[in-house]
Protein chains: 2
Amino acid sequence: MTLLEQFRQKDQELVYLRHALTLMHWDLETTAPDGAKEKLSDAMTFFSTESFKKSTSDEYYNLVCALAAPEEFERLDDVMKFHIRKLKRDLEKMRRVPADFYEEYVRTLNASTIAWPKAKQNNDWDSYKEPLKNTIEAVKKMQKYTDPDKEIYDSLIDQYEEGMTCETIDRVFEELKKELVPLVEKVTSKPQPDHSLFTMYIPTHKQDELCRFLVEYMGMDMNRFAQAQTEHPFTTNMNLDDVRITNHYHENNIIAPIFSAIHEGGHALFEQNIDHKYEFTEGANVNYMGLHESQSRFFENVLGRNINFWKPIWPRVLEIIPEFKDITPQQFHREICRVENSMIRTDADELTYCLHVILRYEIERDIFIGGASVDDLPDMWNRKMKELLHITPESYSEGILQDMHWSDGSFGYFPSYLLGSIYDGMFLEAMEKSLGPVDDILAAGDIKKITAWLKENIHQYGSTRTSNQVLEAVCGKELSAKPLISYFTKRYSTLYNLH
Amino acid sequence: MTLLEQFRQKDQELVYLRHALTLMHWDLETTAPDGAKEKLSDAMTFFSTESFKKSTSDEYYNLVCALAAPEEFERLDDVMKFHIRKLKRDLEKMRRVPADFYEEYVRTLNASTIAWPKAKQNNDWDSYKEPLKNTIEAVKKMQKYTDPDKEIYDSLIDQYEEGMTCETIDRVFEELKKELVPLVEKVTSKPQPDHSLFTMYIPTHKQDELCRFLVEYMGMDMNRFAQAQTEHPFTTNMNLDDVRITNHYHENNIIAPIFSAIHEGGHALFEQNIDHKYEFTEGANVNYMGLHESQSRFFENVLGRNINFWKPIWPRVLEIIPEFKDITPQQFHREICRVENSMIRTDADELTYCLHVILRYEIERDIFIGGASVDDLPDMWNRKMKELLHITPESYSEGILQDMHWSDGSFGYFPSYLLGSIYDGMFLEAMEKSLGPVDDILAAGDIKKITAWLKENIHQYGSTRTSNQVLEAVCGKELSAKPLISYFTKRYSTLYNLH
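Quick caveat, the model's predicted, so the values are computed rather than measured.

### Observations concerning the pattern of salt bridges
- Inspection of the entire model under this criterion finds 83 salt bridges over all chains.
- Among the salt bridges present, the one from Asp241(B) reaches Arg224(B), with a minimum N-O distance of 3.3 Å. Of this pair, Asp241(B) sits in the loop between strand E2 (235–239) and strand E3 (242–247) while Arg224(B) sits in the loop between helix H10 (204–218) and strand E1 (225–229), and the two are 17 residues apart along the sequence. In terms of burial, Asp241(B) and Arg224(B) fall into one category: buried.
- Linked through salt bridges whose partners overlap, the residues forming this network are Lys39(A), Asp221(B), Arg224(B), Asp241(B) and Glu279(B).

Spelled out as C-alpha cells, the structure:
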C-alpha cells in the first residue's frame, strides 16, 4: 500500500465512526424514546472516544505528517492538499493540549452545560455564576495551548470564522449600529399589523407538507434530503448525499416553522451543493459559521421575507393550507416583516435580531479584552438592552440566561450570525449585478436561478475558501455593512411608509 | 482486571457496534433518503465486518473459553452462565466454518437475494432457478460445518426454533391440516361480509395515532418505545429500553395497518418485557422465532380478532377515526374475521394463513429430505395450492416467487409462523385456566391483565428458556394442535353459523 492508501484507509474508519455518531445524535433528537437516552448517550460516548483516540493517535498523525512532507505533498491533488493541510494544522493544535488539562476542560464545560438549563428554568443567576467563571477561565487556558500567539478573543472568533478579527467586526458592527438603531426606532413608532389573523389551528402534518414543499421549491434535491421534528430546529448531514433538517411545529403558529424550514433549508442547500470531489475530506465540512449563517439567512430573510417569494407559490400554499384562504400575500408579507423590540434573540425579527447579536458581541469583547467580571454581566446586559432596544428584561431567564452558547464555552460564535447577514447584503448586491433584480426573479418563480448562482459562486467550494476569500471572489471588495443597511432601509421604508 | 471484567469490556464494544448497526438499519428503512443508501450500506458493511472480526477473534473466544472452564464458570451468576454457554456454542459453530467457504457462502446468498426481487417483478422463474439452486447447496454445505451431526432439515429448523424437530412439526401440522382444510371449506362456502364499508379514505397521520393508541392500550411502555413508517412492517430494538416497530399505511385500507400494529406490538411487548437483568447478554435476544411469533400472533389474532378487544375502546376509536362513525363493532368484527382462499401469504386471514405455511414447510421438507429438484418446485407449489386452498396461481410472482425467505437462505424459518399459532392455542388454554375467560377480561377493558400474565409466564425470561421449556413450564404438556383447532372452530362456527 502506498502512503496515501494507508492514510485513506485510516481516514475512512474515522468517516464511519463519525457517521455512527452523527446518526446517533440525529436519533437522540428525533426518535429515541426518553427511556433509551441514557444508553444511547453511553454508545455516543464510546464512538466519540474511539474517534478522538484514532484521530489523535500517533499512527494517524504520522501519516498526515508524512503526506505533508514537501515531496509527497506535491504529488497530491488539490482536494487532498487542502485536506492534509487542514488536518495537520488542527492536529497540531489539538496535540499541544496536555491530556490532563483536556479532561479538566471537558469536566468544567460539562458542569456549566448542566448548570445552565436549571439556572434558566429557576431564574437563578447566582447558581450559574461560578460555573460560568470556570468555563471562561478554561476557555482562556485552552486558547493559550491551541493558539498561543493570537489575541485571545481573535482566536475565539477565528474558531468559528477563520481569518475574521475583532478589529474588523468592531468596524462593521459599529457601522451597522449607527444606522440600525434609528431605523428600528422609526419602524417601531409605526403601527404593527394585526397578528390575530395568524393564530388559527393548523395540523402539524400539513405544516410538515408545506415545509417540504418550500425547501423543494428552493432547489433542494429531495433524493438526498430528509426532514424530521425536534425540540429545536437544526441541520446536519451524514455526507453530501444525506443532508437533513429538523423543525418544530406549533399548532397555533405556522409562521415560526415556515421560517425555520427556509432557514435550515438554506444551510442544507449549502451542504448539498458542495462539490462531490470534496466528499469525505475537510473541504466538505462547512467550518465557517458566518458563511454558513449567510446562506441560511439569505434564504430566510433576503428571499423568504420578500413578497415576491410568495406570490408565484401562493396558490400552492393555499392548496396545502386552506386555512389561509382569506389571507392575501400582502397580509402575509406584513406579518412576516413585523418589527418589535423584544427580549428573546431567537424570536426576534430581521432588524432587531442584529441588535441582539451586537449586544452579545460587545459583552464577550468586554469579558475577554476589557476584563469585565462575570458578576457585572447582568447589569451590563440590561444596560445594553435599554440602549439598543429600549426595553429591560424582567428576569435573568429572559435576559442574560436565555442562550446556551456561553454555557458550553462557545464564546466567539455569536458574531457569526450577524456577519452572515452582513455578507448577505454584499452577496445580494453582487447577485443583482449579475442576474438583475431579485424581485423580478422571485416574481417569475425562478428562485432556482438564485440557488444555482449561490451554488456556482459559494456552495460548491465547501470550506476550501474562507469567508474572506469568498467575499473577495464574489464581491471583489472589503467587508462592509453598507449593502445590508441599504437593503434594510429599502424594504422597511416602503413597508412602513417612512418617507 | 479480573477475567470477567476483561470479558465484559470486550463484550461491551460488541454491544456498541451492534447498536450502531441496528440504528443504521432502522435509518435505512425509515429515514435515509434514496440517494444516501449506497454510502449508508458501506458504513453498515464496515460495522458489520468490525463486529464479525471482534466476535470471532481469538482474543474474544479465549476469554469466553476461560470463563467456560469449570472453576471460573461456577463463580458466574445465572445470567452470565447462560450468556457464556450460548456464546461458546455459537462461536464453536462459527469457528468451524472455513473463512474461504464463508466468503463463497455470502457471495452465493447475495446473488440470489439480488436475483429474487427482479424475478418476482418480471414473473421470471427461469432467471431465479440457478441462484436458488446454488443457495440451497451453500446452505447444505454450511450446515455440515456448523451442525455436522444433525439431519440437515432438523438443523435448519433448530436455527430458528431451538430444540424443534421435523418429526414434531410433521405430527402437529398433520393434526392441524386434517381439521383445518374442511373447516375452511365450510367457512368459505358461506357469504362473506361487505368489504366496501372499509375502503374510505383515512389520512395516514390519523392511522398513525390510532396505532399508537392501540399498542399503548395493549400495555406498551411508551417511554421505551418508538414507531415509524416503512415499506414492510417490522420490530427491532437497540436494547431493552428502546424497542421500535414500523408500519405501512394505506390511505384506503386501514385494516392492514391496524393489524400490523397489533402484530408488531406483540413482538415489541415481548422484547420490552424481558427482565433487565439479562440486558446486553444473550438472554435478552429473542432467538426462538416460533416463540416470538406466538406473541405477535396472540395479540394479532387471539386478542385482536376478538370482538371484545374492540368493544371497550370503540368510543376512543371513533374519536380518532370519525370516518368509522356508522360502523358498529359487530360490523368491524365481521370484516376482520373474513376468510378467503387467496394467493398471498402475507395478506391471508387467520385460518388460511396456516395452510400457506404448511405448503411452504412441505416443500422445504421435500427439498432437504425428499431430494426434490428446484426445477419441480413451481408444479409442486401449484399442486399444493390446489389441494389446500383450491386455487391456482396465474403467475410465478403470485406463486412460488412471492416470499423473500428462500432467496436469503432462510430455509427452516417458515414453520415458526405456524408453530407460533399452535403455541397460542395452548397458551390460551393455560391462560384461561388461570385468569378465566379471555372474552370477559377483554370486555372489561382489562387487556393489561393478559399482558401481565404473558410477561410473568413468558416474556420476562427472554431466550433463557426454549419454546419447549416454556410450553412445559406454562402448559405442562406436549405440543399439540388441538387447542388451536378448538379455538378456531369455536370462533368461526359462531361467526359463520356452522352449527
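### Here's the deal with unusual backbone geometry
Residues and elements named next belong to chain B.
- Backbone geometry places Asn123, a non-glycine residue, at a positive phi of 55°.
- Mapped onto the elements, Asn123 comes out in the loop between helix H6 (99–122) and helix H7 (125–146).
- Residue classification places Asn123 among the partly exposed positions, given a relative accessible area of 32%.
- Within the chain, His390 stands out as a residue other than glycine whose phi angle is a positive 60°.
- Within the secondary structure, His390 sits in the loop between helix H17 (377–389) and helix H18 (414–435).
- Overall, His390 belongs to the partly exposed group, its relative accessible area being 38%.

### A few points about the confidence of the model for chain A
- With 100% of its residues at a pLDDT of 70 or more, chain A has an overall mean of 96.
- The ipTM for the predicted assembly is 0.93, set against a pTM of 0.94.

### Here's the deal with the pairing of strand E3 (residues 242–247) of chain A
Residues and elements named next belong to chain A.
- Counting buried residues in E3 gives six out of six residues, a clear majority hidden from the surface.
- The alternating pattern of E3 places Asp242, Arg244 and Thr246 and Val243, Ile245 and Asn247 on opposite faces, both of which are buried.
- Here five bridges tie strand E1 (residues 225–229) to E3, and the two strands are oriented parallel to one another. Within the sheet, the bridge partner assigned to Ala226 lies in E3 and is Arg244.

### Topic: the interface of chain A and chain B
- Chain A puts 34 residues into the contact, and the matching count from chain B is 34 residues.
- Of the roughly 2,600 Å² buried at the junction of chain A and chain B (both faces included), carbon and sulfur atoms supply 67%.
- Three residues, Tyr16(A), Pro33(A) and Lys39(A), lead the burial of chain A against chain B; their summed loss comes to 23% of the area buried on that side.
- Here chain A and chain B share six salt bridges between them.

### Comments concerning the relation of the copies chain A and chain B
- Superposing chain A onto chain B requires a rotation of 180° together with a translation of 0.0 Å along the rotation axis, leaving an RMSD of 0.0 Å. Within this description, the copies of the chain are treated as partners about a two-fold rotation axis. It is Ala20(A) whose C-alpha, among those of chain A, lies nearest the rotation axis, at 2.9 Å.
- Same-surface contact between copies: 100% of interface residues of chain A are shared with the interface of chain B.

### Description of the sheet that holds E3(A)
Residues and elements named next belong to chain A.
- Taking strand neighbours across the sheet as the criterion, the three strands line up as E1-E3-E2 in an open arrangement whose pairing is mixed. In this open sheet, the two strands that pair with only one neighbour each are E1 and strand E2 (235–239). On average, each strand axis in the sheet is tilted by 25° relative to the strand beside it, whichever way the strands run.
- Running at roughly 150° to E1, helix H10 (residues 204–218) makes contact with E1 and E3 of the sheet.

### Overview of the environment of Phe309(B)
- In this structure, Phe309(B) sits in helix H13 (residues 307–310).
- In sequence terms Phe309(B) and Tyr105(B) are 204 residues apart; their C-alpha atoms lie 46 Å from each other.

### Quick look at the state of the cysteines
- Under the definition given, this model contains zero disulfides over all chains.
- Here Cys211(A) stays free of any disulfide, with the sulfur of Cys337(A) as its closest cysteine sulfur at 18 Å.

### So, the sheet that holds E1(B)
Residues and elements named next belong to chain B.
- An order of E1-E3-E2 is seen for the three strands of this open sheet, with the pairing classed as mixed. In this open sheet, the two edge strands, each paired with only one partner strand, are E1 and E2. Strand-to-strand twist in this sheet, taken as the mean axis angle between neighbours without regard to direction, amounts to 25°.
- Those strands touched by helix H1 (residues 3–30) are E1, E2 and E3, and its axis lies near 145° from that of E2.

### Here's the deal with helix H11 (residues 255–272) of chain B
- Here H11(B) is 18 residues long and its end C-alpha atoms lie 25 Å apart, about the 26 Å a rise of 1.5 Å per residue gives.
- H11(B) sits mainly inside the fold: 17 of its 18 residues count as buried.

### Focus on the packing of H10(B) against H11(B)
Residues and elements named next belong to chain B.
- H11 packs onto H10 with a crossing angle of 35° between their chain directions and a minimal axis gap of 9 Å. Regarding H10 and H11, the two cross each other, and that crossing is right-handed. Where H10 abuts H11, its residues Gln207, Leu210, Cys211, Leu214, Val215 and Met218 lie against Pro257, Ile258, Ala261, Ile262, Gly265, Gly266 and Leu269.
- Here the contact of H10 with H11 is built from residues that sort into ten nonpolar, three polar and no charged.

### Focus: the packing of aromatic side chains
- Applying the stated criterion across every chain yields a total of 71 aromatic pairs over all chains.
- Taking the centre distance of 6.3 Å and the plane angle of 45° together, the rings of Phe414(B) and Tyr417(B) count as tilted. Highlighted residues: Phe414(B) and Tyr417(B), both in helix H18, separated by three residues, approximately one helical turn. As far as the burial class goes, Phe414(B) and Tyr417(B) line up, both buried.
- Joined through ring pairs, the aromatic side chains of Tyr153(A), Tyr160(A), Phe173(A), Tyr353(A), Tyr361(A), Phe368(A), Trp381(A), Trp406(A), Phe411(A), Tyr413(A), Phe414(A) and Tyr417(A) make up one cluster.
- Its guanidinium or amino end placed over the ring of Tyr61(A), Arg95(A) lies 4.0 Å from that ring's centre, counting from NZ or CZ.

About the cut-offs
Residues numbered from 1 in each chain as written. Chains lettered and ligands numbered in written order. Predicted model: local features only at pLDDT ≥ 70, side-chain atom pairs only at ≥ 80, totals over all residues. Heavy atoms only, no water. Salt bridge = Lys/Arg side-chain N within 4 Å of Asp/Glu carboxyl O. Helix = DSSP H or I, 4+ residues; strand = E, 2+ residues; numbered from the N terminus. Buried < 20%, exposed > 50% of the residue type's maximum accessible area, 1.4 Å probe, protein only. pLDDT = per-residue confidence, 0-100. Pairing = 2+ DSSP bridges. Contact = heavy atoms within 4.5 Å. Buried area = accessible area lost by both parts, 1.4 Å probe. Least-squares fit on C-alpha atoms with pLDDT ≥ 70 in both. Axes fitted to C-alpha atoms, helices over the stretch in contact; angles between N-to-C directions. Disulfide = S-S within 2.5 Å. Expected span 1.5 Å × (residues − 1). Left-handed = near helix turned anticlockwise from the far one by under 90°. Nonpolar A, V, L, I, M, F, W, Y, C, P; charged D, E, K, R; others polar. Phe/Tyr/Trp six-rings, centres within 6.5 Å; stacked < 30°, edge-to-face > 60°. Lys NZ or Arg CZ within 6 Å of the ring centre and 35° of its normal.

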